[in-house]
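What the coordinates show
Below, each chain spelled out in residue letters.
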Amino acid sequence: MKIAIVSGKDEGPTKLNAFDNALSDAGIGDVNLIKVSSMLAGDAEVNELPKLKAGSMVNCVLSEITSDNPGDVITAVIAVAIGNELGCVVETTGINKEESQLINEAQDMVKYMMDKRNVDIEDLIIESSTTTVKNIASVVASVVYLKDEIVEG
């Protein structure tokens, strides 16, 4: 199983446009995202995000938050733990919370999930995106499940 871990942030004239712009900033704005739950195969391999075929149906775990309150600090975090047998992904978001607090929260949750399954963590990756809202902003962090048929090329 191949995955990519991405994040993005941007502003827009509406909440939808801000979200779309943040997805584009993360490199996943031209595909159809299908939210899935938080499990990975044990052989999960983290790759750079390749160019995806426009319009592809792409499975992902998505952490996202949008705000239209100027001055808000918004953060999206994704944590990925990979073990021999399987891996787990968690997502969390916050408004006006310390980014480090949200990162710690995500790390604690993913460690708990792995402990509950009695799986040792071999690799732990955390990706976050944060911004201060000027007008309307969105931030995203995502694990993208890569399949040959969605990769351009």
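Residues numbered from 1 in each chain as written. Predicted model: local features only at pLDDT ≥ 70, side-chain atom pairs only at ≥ 80, totals over all residues. Heavy atoms only, no water.

Remarks on the pairing of strand E7 (residues 86-95)
A large share of E7 lies buried, amounting to 7 of its 10 residues. Looking at chain direction, strand E3 (residues 39-41) and E7 are connected through 3 bridges and run antiparallel. Counterpart to Ala41 in the pairing with E7 is Leu86. Bridge analysis of strand E6 (residues 73-82) against E7 gives 9 bridges, and the strand direction is antiparallel. Bridged to Ile74 within E7 is Ile95. Counting the residues between successive antiparallel strands, the hairpin from E6 to E7 contains 3 residues. (Buried < 20%, exposed > 50% of the residue type's maximum accessible area, 1.4 Å probe, protein only. Helix = DSSP H or I, 4+ residues; strand = E, 2+ residues; numbered from the N terminus. Pairing = 2+ DSSP bridges.)

Some details on helix H2 (residues 99-116)
At 3.6 residues per turn, the α-helix brings residues three or four places apart onto the same side. For H2, spanning 18 residues, the distance from its first C-alpha to its last is 26 Å, which sits close to the expected 26 Å at 1.5 Å a residue. Here the buried face of H2 lies against E6, E7 and strand E8 (123-132). Just downstream of H2 lies Asn118, where phi reads positive at about 55°. (Expected span 1.5 Å × (residues − 1). Contact = heavy atoms within 4.5 Å.)

As for helix H1 (residues 15-26)
For H1, spanning 12 residues, the distance from its first C-alpha to its last is 17 Å, which sits close to the expected 16 Å at 1.5 Å a residue. Within H1, burial applies to Ala18, Ala22, Leu23 and Ala26. Looking down the long axis of H1, one finds its buried residues gathered within 140° of arc, a one-sided arrangement. On the buried face of H1, the contacting elements are strand E1 (2-11), strand E2 (32-35), strand E5 (57-67) and strand E9 (137-146). Trailing H1 by a residue or two, Gly27 shows a phi angle of about 90°, which is positive. (Arc of directions from axis to C-beta.)

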